[in-house]
Amino acid sequence: MTLSREAYKALEEVVGPENISEEPAILDGYCFIWANEVHFGDKFSARPPAVVMPGNTKEVQGIVKVCNRFNIKYRAHASGWEVPAISAKEPFLPVDLRRMNRILEIDKNNKFAVVEPYVSVQFLLTETIKQGLRPASVGCGPSASIVASSTSHFGCGTSNVSTDYGGRTPLGVEWVLPDGNILRVGSLGTDSGWFSGDGPGPSLRGVMRGLSGPNGGLGIITRTAVKLTPWYGPASIKARGKPNLYDYDVPENLLVYQLIFQSREHMTDFLMSIVEEGIAHGLQRCGVAVSAMIVSESNDEFWDMVKDSPPEMAEMYKFAASFLVDAASPGELKYREQLVEKLLDKYEVMSFPMDDKMRGALFYNLVTGQGTQRIFRVSGSFLSAVGAQEAWDTMGHISRRCAEEIWAKYEAEGKIALAGESPWGAALGDWGSHVESVCVYDQLDPESVQATRDIIAEVDELLPKWSLGMGSFEGCLSPAEAAQKKAEPYCLDFMSYEKKIKKLFDPNLVSESTWYVTPDE
Amino acid sequence: MALKDFEKDMMRDSRCSYCKVIPHVMMTDTRFIDVCPSIARFNFHGFSAGGRMVAALSLLRERIDYSDGFLDMIYQCQMDGACDVSCKIDRDLEPLQVMQELRIKCVEDGQLIAGHMPVLEGLRKEDNMLQRKKADRDRWADGLDIKVLTGHKAEVLFHAGCRYSFDEELWPIVKAGINILKEAGVDAAIMGKDEACCGGRAYEMGYEAELVKYTDHNIQAWKTAGVKTIVTPCSCCYQTFKVLYDKIGKKPDIEIYHFTEYLDKLIKEGKLKLKKKVPIKVTYHDPCHLGRLSEPWIHWSGKEIKVAGQMIVHDPPKKYRRGAEGVYDIPRDILKAIPGLNLVEMYRIREYAWCCGSGGGVKEAYPEFALWTASERLKEAKDVGAEALVSACGWCKRNFTDAAHETGSQLEIYDIIDLVQRAI
Amino acid sequence: MVAENGLSNIMGRENVIYGDDVPGHYSGDMSFTAQVRPRAVVKPATMEQVQSIVKWANETGTNLIPLSSGPPHFRGDTIPTTEGTAVVDLTRMKKIIRVDRRNRVCMVEPGVTFGELIPALGKEDLAPLITFVPRSNKSVLTSFLEREPFTIPRFHWEAQDPLYCVEVIYGSGEMFRTGSAFGPGTLEEQWAVGRAQVRGMGPSQVDFTRLLQGAQGTMGIVTWASIKCRPLPKIKETYLVTFDKLEKLIDFAYKILWKKLGEELFIVNSLTLSAILNQDSNKIAEMAGNLPPWILVYSIDGSGLMPQEKVDYQKADSLELAQSFGLELKKIAGGAGADDVQKIISRPSTEPYWKLRYRGACHDMLFLTTMDKTPGFVKKMYELAGDSNYPAGDMGIYIQPMAQGTNCHIEFNFMVDPKNIVLEEKVSHIDSEGCEALAHMGAFFSRPYGAWAKFAFGQDAQTVIALRKVKSIFDPNGIMNPGKLCF
C-alpha cells in the first residue's frame, strides 16, 4: 500500500519533511515486534505505507485530520513495545510519538504529573522520586510509556499494591479524537487544571478506556496527568557495579521479602492480609525462578544454578511471592517489620533465603519492574494468554485450572518452557489481584509458536466456560475480537455498546482498530 | 561469521527500545538518558540498534533492497556499542555484531558510502585514514630523539596511530606521550614511516578485507621488529589490536597497552610521579574504544540447545561481552592522582557513556552528525560544572575540539596526556 | 389514563402515585430548581419491575427520573424539568444482597441507607465508607453513584471509589452489569469461583461504571451496586486540630496524606462542626462562637493484627508532625469533643438533618479543586456572600481531600430561614452568578447540578458532543431525566 502523493504532501506539510518517511527499511521497523508470529504467522505484520512523527498536539491533530480527509487508517504508539501498538493484518499509518517526550509538570503537593506520550515509567520515576513521589510501574518494565499504559493499553505492575492499577491513575487528559477534534477530559475541559479526570457529569474516561484501553483504536492521547503516590526512599536510586548484574543498595526504610507458601490458598490468605494491613509498596506473585533469573547473567548461568535442583524443590517453591514494605518513619518501620514477622508466624510462611545481590535486585524489580523483562531471554519470546483481574481467590482458580488443564500438556511435550504453576501476579490497590499465565515460547520454533496459538485459543474457549473471565486480557490482546467472540455466549452483551461507541466517535473508521472493536457492517 | 549467522538474534529482537537509552538502572537525570546518538538525532526506530536488526532481517529476506535511505540509516551510526550494553542488560543478543555484519555485507555488495570512498582510497594507497602521504607519517616526531624500530630494537613500540600522526594540532599530545615514556625510563621506539593503520576504523565502516590486510601486515611487521609490547595513545588502535585482531582469529602474541594502562603501570612502579598541581575541574569522557568496546573478545563455538522445554542455553555455555571489562578505572585513577585536579562525573559514563561522535565512519561521511553528537556531550560536561573535558583518544579529542569551535563552547578539551604532562 | 394503566399493570396500583396525590417533595427540593410536579411516582421492588417501567416509558414517550433517597433532596437532580415525567422511587429496594468480609465488599440495592448498612457490615467486622454525616434516608448507592466524597481519603484511590460494579437498566430498557459483574456466568456462578464483583472497570475496553457515575440518572437506573468497605477498627483515636488560618491546616493535611497516616481527615469551619454536634440553633451559634475558625478532624484506626501498636506509632508520628507545624492534636476544642465528633461522623445524621438545624433550610454549592486553592475559594465565597449581604457566619464549609489528596471536594452550605424570601433570593443569586466567578478561578463543577451546568459545559464543546453521543447509546429516546447536565 502506498500513500497518494497528495496525502503524503499533506502529511509532510503537517510534520515537516524530516518527520515523515516512506523508506521501506524504516517502515519495516514499524511492523516488527515480538508475538507477531503468533498472531500474524510472520515476524512482520503488514508494512505501513509511511510513518509520521508529530512533535506536538497541533501536529497530531493535523495528521488525524489528513487521515480523515484521505481515508487513511492510522494508529499511534509511544514506546511501541506491544503487538497492539505496532501490528495489524492490513497496513495503516503508524504515528510515532517519540518526539513528544516531555514531563510538563510535577505537582508535589497534589501528587500528580503531566506527561507527553513518550515519557517512560523510568523517565518519570527518575524525576518524581526526587520529590518523594512515584508513578505506577508497568509489568513489562521501565521503558513502557506512562500515557500508553494508563490511558490506552493495560497498566498492571509490581507497584500497583501502593500506586493502584495504572488504568486507575489518569486524571485530566488531552485527547485528539478519531475525527481530529480535541477533547479535554475532566477538569482540563473547564480550564480548571489537570487534577481530575472525571466529569463534568458522567466520566468520559469511561469511553477512553475500561479494564484496558482501545490500543490506539479511538484516536490519540497527547497529554495525560497521572496520579503519583508517596515514595519514602532516596531521591535517586542508582545501581553500582558491572553490567549486567548490577548491585543495588536497599534503603534502610524499605524491607524486601521473598516467601514460599505451602499451597495456593496459603499464599492467597497471606498476601490478602498484607494488602489489608496496607503496608506494601510493591508486591508480585512470581516463582523463585524469576528471582534466579534476575540475578543470573545469562540463561546458561541460570540453568547452571537450577539444573541440578531435585524435582521436589520445584514443587516446594511452586507458590512464591515477593513484596516490599516501605515506611515513612522509624516508628512505622518498626511496626511494619514486627507486623510482618507476626504474619509470617501466624501463617507459618517460609522465607526464601536471599543474599544482598538478590535482595537488591528484588528491591529494584518491585519498585520499577526492571528484571521481569528477562522472561524474553528464556526462550526468545513469551505471551500471557491470561490476564485477569478480580478477587484474589478467583486468580487462584484461574492459575490452577490453566496450569492443570491447559498448560500441562504443552509443557509435557516440551512445546513451551516449563513455567509450571508459576504465573505472574500483582496486587491491585486494596481491591483485587491480577494474574497472568504465560507461554514462554521460541518464536523460531514453529511448533512452539503453534502451541502458543493453541493455548490462547483454549484459554479463550475455556475461561468463560469456567465463569472465570475472558481470555487475552479480556480481549485487550486479542486481534479482531477473537476472545470477545468466544466469551459472548457466557456474558452480557457489552460488545454492541463498544461498537456503537466506536462508530459514533470514529465515523470514518480511520483509527485503526485491530486491537479494539470494529462496528458491524 | 556472516550476517545470516545472526538471523536468530534479529528474530529475537523484541522492540523493547532499551538500545536507545542508558541502562534504566543508571538514570539519574532525564536530560541525559539517551545513549544512542543515531536515534536521538533522527528519531525513526530504524536508527536504533533494534531498528537496524529489523532492517538486516528485511534485507536477508529480500523484503527490501539497497537504497540511499537504507544506507543512510545504516551508516549514520558511530558503532559505539552503547546499544549493545543496554540491550544486554536483560537479553542475550548481539546487536552490535549484527550491525557490523550488515556493513560488511553492504561493502561486499558494492553498496558504498560516498564519504568513505576517498578515505578508503587513501588507506589503500597511503596506509592511513587521513588521506595523507605515508611518507609524512613520522613528521610528528621531528626533532625528538626517538628510536625507530626499523633500525633498532626496543622494549616497547609506541604506536601513534593515524589521527595523532597526521593531525598537527594533536602533535603536542603524541610528542608528550613518547616523552613521558622516555622520562620514565621506558625503552620505547616508533615504527616511523613504516607505521601503518591498524585497520579498525575501516572495519567499522564494513571493510573487512582491510582489517585482515592490516592485521597481517602489522603482525608481520611487529614480528620482524621483535616487538613484545605495544603502547598506543589511540583508543581505536588499542581496541583494534587487542580485540579485533583476536576476533578474526589473529591475536598477536604481544602485550597491548593503552597509554593510560601503561601510565598506570609506571605510576604503580614508582617510575612516574605526578607532583605538580593542575587545578582544574575536569570531567572524563570514556572513549568507546577504550571503554566498552575494548572488552576482550570471547571466542565461542558451539550450539544452541533447549532445556526445560524451550529455554535456550548453549553447549558449551556461552559468555557474552556486556561492556563490563573495559578500561574505566585506570584513567580515572590517573586523574585523581593529579594534585589539585577536581574530577566530576557526567551522567553517562563508563559502559554507558555517550559517544564522542566520530566513530563508525560518521566523522568521514556525516560530519554534521558527528559534530552534533559531540556538542551534546559538551552540554553534558558543562552541566556537571566542568571547566574541561578530558578524554584518552585522538579521535575524541579532534571531534570535541571541532564541536567546541563550532558551538563556541568555553570548555577546554584535553587529552589525558596533556594533563599528565602538566603534572609531572 | 391508558399509560397510567400500563404502569399500574406493571407495578400494582398500590405502588404507583398519580397526579395530585404525588407528594410535594417530588416536585421541589432545597435547590433553586424550578418546581415541576411529576406525572406519577412509581415504586418498584425488583430489577425486573424497573426494566418493565423503562420499557413502558420508551413505548409511551414518558420521561423518567430515578430517585433512591428520602427527602429532603438538595441538588435538584431529582426534580423534573418537563411535564409528564414519572419518578421511579427506588426506596423500596432495600436488600443488602451480599456482604463479603474476605474481599471487603458489599452488594446493595438502591434503597439501602447508611443506617441500615452499618449494622449489617458490623456483623462481618466491616464498616462502610461514609459520606460526611449523611441524612438518615440517604441512599448509599446513590451517594457513590454521584461521586460524593467520603471522609477517609486513604481509601479513596480515585474518583470511582468506593463504587465497583453496578447492575443497570439503561434508558434503552436493556439490562447490563458493569465491571467484572458482566460475566461470564451468573452472579451465583461467579461467586462460586471466588469472584466478588470488586473490579469496577470494564468489561473490556469501556468503563461502563464510570459512564454512569455523575450522570444524575440520565443514562439509566441502577438496581444494585457492589461497594468497597473497610475493616471495622478495633481502636479509634480522634483528634481536632484547630487554627485561625486555613492555609496551615492545608499544609498539615498535605503532610499527613503524604505520610499516609490516619483515617478520617477533613476540614470544616466552626459552624459546620457546631451544626453536626448540636441540635438546637442557639447551641449551634454558641459553640460556633467558641470554636476557632477552622477545625481539621483527624482520626487513627487500630485495626489488623497489631491494632494498639498501629495506633501508638501513628499517634507518635502525628504528634511530631503536628508539633512541626506548631499545631496540637486536641481531644477538646471550644467545647467540642473529638470523640463526640467521631460518633457523629460514623453514622448518619440524627433528625433533624444537621444542615437544617441552624436556620431551617440549606443550599449547597460544591465543586472540586486542589487543597492549596481552597483558601482562595473561601475568600472569594466570603466576598460573594458579602456582596449579596448574606451573613457569612451562616455559611458552613467542608473540605474533603479526595483521591488520596490529589484533589479535594469543597462545599459551602448556605443555611437560610426558608421563610426569608429576600435571603433565599440572595443565595440563589450567589448560586447562579457566583459560580461563574468561581469557575473562572478554576472551580471544577464535576457534579454540575442546576445552574452550574452552564459553566461546567460551557467551555468545551467537545465534552458536550461526546456526552451526547454516549447518551444516544444508552438512552436513545432521551427519556432519562432530560434537561439535566448537557442533555
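Residues numbered from 1 in each chain as written. Chains lettered and ligands numbered in written order. Predicted model: local features only at pLDDT ≥ 70, side-chain atom pairs only at ≥ 80, totals over all residues. Heavy atoms only, no water.

Q: Help me get a handle on the overall build of chain A, residues and values and all.
A: The helix and strand tally for chain A stands at 21 helices and 18 strands. Relative to a compact globule of 521 residues, whose C-alpha radius of gyration would be 24 Å, chain A shows 23 Å and is just as compact. Taking all 521 residues of chain A together, the buried fraction comes to 72%. The long-range fraction of contacts in chain A, counting pairs at least 24 apart against all pairs at least 6 apart in sequence, stands at 72%. When the accessible surface of chain A is split by element, carbon and sulfur atoms take 51% of a total near 14,800 Å². One finds the centroid of the 50 positive side-chain charges in chain A at a distance of 4 Å from the centroid of its 69 negative side-chain charges. (Helix = DSSP H or I, 4+ residues; strand = E, 2+ residues; numbered from the N terminus. Rg over C-alpha atoms; globule rule 2.2 N^0.38 Å. Buried < 20%, exposed > 50% of the residue type's maximum accessible area, 1.4 Å probe, protein only. Contact = heavy atoms within 4.5 Å. Areas by Shrake-Rupley, 256 points an atom, 1.4 Å probe, with all protein chains shown as cover. Lys, Arg positive; Asp, Glu negative; His and termini not counted. Charge placed at Lys NZ, Arg CZ, Asp CG, Glu CD.)

Q: Now, about the packing of helix H1 (residues 5-15) of chain A against helix H4 (residues 57-70) of chain A: what can you tell me, with residues and values included?
A: All names here are of chain A. As a packed pair, H1 and H4 sit with axes 9 Å apart at the nearest point and diverge in direction by 170°. When the axes of H1 and H4 are compared, the pair comes out roughly antiparallel. Judged by residue contacts, Glu6, Ala7, Ala10, Leu11, Val14 and Val15 of H1 engage Glu59, Gly62, Ile63, Val66, Arg69 and Phe70 from H4. In the contact of H1 with H4, the residues fall into eight nonpolar, one polar and three charged. (Axes fitted to C-alpha atoms, helices over the stretch in contact; angles between N-to-C directions. Parallel < 35°, antiparallel > 145°, perpendicular 65-115°, else oblique. Nonpolar A, V, L, I, M, F, W, Y, C, P; charged D, E, K, R; others polar.)

Q: Give me the lowdown on the interface of chain A and chain B, citing residues and values where you can.
A: The extent of an interface is frequently quoted as the accessible surface area lost upon association of the parts. If you look at the interface, chain A gives 76 residues, while chain B gives 63 residues. Summed over both sides, the interface of chain A with chain B buries roughly 5,800 Å², with 55% coming from carbon and sulfur. Taken as a group, A:Phe32, A:Arg98 and A:Asp300 account for 11% of the area that chain A buries against chain B, more than any other trio of residues on that side. Our enumeration of links across chain A and chain B arrives at nine salt bridges. Where B:Arg322 meets A:Glu297, a salt bridge forms, and the shortest distance between an N and an O atom there is 3.3 Å. (Buried area = accessible area lost by both parts, 1.4 Å probe. Salt bridge = Lys/Arg side-chain N within 4 Å of Asp/Glu carboxyl O.)

Q: Let's hear about the interface of chain C and chain A: which residues, and what values?
A: Across the boundary between the two partners, chain C contributes 90 residues, which contact 100 residues of chain A. In total, about 8,100 Å² of surface goes out of reach between chain C and chain A, with carbon and sulfur atoms giving 56% of it. Applying the counting rule to chain C against chain A returns 10 salt bridges. Where A:Asp269 meets C:Arg102, a salt bridge forms, and the shortest distance between an N and an O atom there is 2.7 Å. At the surface where chain C touches chain A, the tally comes to 55 residue pairs in polar contact (both at pLDDT 80 or more). (Polar contact = N/O pair within 3.5 Å; in protein donor to acceptor, adjacent residues only side chain to side chain.)

Q: Provide a residue-level description of the domain arrangement of chain C, including the pertinent values.
A: All names here are of chain C. Splitting chain C by domain gives domain 1 (2-89), domain 2 (96-231) and domain 3 (235-440). Taking the mean C-alpha position of each, domain 1 and domain 3 sit 35 Å from one another. Counting the surface lost from both domain 1 and domain 3, the interface buries some 720 Å², and carbon and sulfur atoms represent 69% of this. The largest contributions to the domain 1 side of the interface with domain 3 come from Met30, Phe32 and Phe74, which together make up 77% of the buried area. Remark: the boundary between domain 1 and domain 3 carries one salt bridge. Its salt-bridge partner being Arg75, residue Asp364 comes within 2.8 Å of it at the nearest N-O pair. Summed over the shared surface of domain 1 and domain 3, the result is two residue pairs in polar contact (both at pLDDT 80 or more). The residue inventory of the side of domain 1 that touches domain 3, partitioned by class, reads four nonpolar, one polar and one charged. (Domains from an automatic or database assignment.)

Q: Before we move on, could you go through helix H18 (residues 446-465) of chain A and cite the residues and values that matter?
A: Residue and element names in this part refer to chain A. Between the first and last C-alpha of H18 there are 29 Å, a value that for 20 residues agrees with the 28 Å anticipated at 1.5 Å per step. Listed as buried for H18 are Ser448, Val449, Ala451, Thr452, Ile455, Ile456, Val459, Asp460, Leu462, Leu463 and Pro464. As for H18, its buried residues are in contact with helix H3 (36-40), strand S16 (381-390), helix H17 (392-412), strand S18 (432-441), helix H19 (471-474) and helix H20 (482-487). Phi turns positive one or two residues past the end of H18, at Ser467, with a value near 60°. (Expected span 1.5 Å × (residues − 1).)

Q: Summarise the pattern of salt bridges; cite the residues concerned and give the values.
A: Pairing of side chains with opposite charge becomes possible as their charged atoms draw close. Evaluation of the coordinates by the stated rule reveals 106 salt bridges over all chains. The closest approach of N and O atoms between C:Lys228 and A:Asp430, which form a salt bridge, is 2.9 Å. Of this pair, C:Lys228 sits in strand S10 (residues 220-231) while A:Asp430 sits in the loop between strand S17 (424-428) and S18, on two different chains. Across the pair, A:Asp430 and C:Lys228 agree in class, each one buried.

Q: Now, about the packing of aromatic side chains: what can you tell me, with residues and values included?
A: Within a pair of aromatic rings, the relevant descriptors are the distance that separates the centres and the angle that separates the planes. Residues and elements named next belong to chain B. For the structure shown, the criterion picks out 53 aromatic pairs over all chains. When the ring of Phe32 is compared with that of Tyr347, the centres are 4.9 Å apart and the planes differ by 5°; the resulting orientation is stacked. With Phe32 in the loop between helix H1 (7-12) and helix H2 (37-42) and Tyr347 in the loop between strand S9 (342-344) and helix H15 (362-365), this residue pair connects regions lying 315 residues apart in the sequence. Judged by its relative accessible area of 8%, Phe32 is buried. (Phe/Tyr/Trp six-rings, centres within 6.5 Å; stacked < 30°, edge-to-face > 60°.)

Q: Tell me what's going on with the packing of helix H7 (residues 246-259) of chain C against helix H10 (residues 307-324) of chain C, and back it up with residues and numbers.
A: All names here are of chain C. Viewed as axis vectors pointing N to C, H7 and H10 meet at an angle of 150°, and their least axial separation amounts to 10 Å. When the axis of H7 is compared with that of H10, the two are roughly antiparallel. The hand of the H7/H10 crossing is right-handed. Counting all contacts with H7, which are made through Phe252, Lys255, Ile256 and Lys259, the residues of H10 involved are Ser318, Leu321 and Ala322. Classifying every residue of the contact of H7 with H10 gives four nonpolar, one polar and two charged. (Left-handed = near helix turned anticlockwise from the far one by under 90°.)

Q: So, the nonpolar core: which residues are in play, and what are the values?
A: Among the nonpolar cores identified, the biggest contains 396 residues, and A:Phe270 and B:Phe70 are the most heavily contacted of them. Every residue in contact with B:Phe70, bar those within four places of it in the chain, is listed here: A:Glu23, A:Ala25, B:Ala55, B:Leu59, B:Ile64, B:Asp65, B:Leu102 and B:Cys106. Core analysis: the next-biggest nonpolar cluster, separate from the first, contains 49 residues, A:Trp34, A:Val378, A:Val438 and A:Leu468 among them. (Core = buried A, V, L, I, M, F, W, Y, C linked by side-chain atoms within 4.5 Å.)

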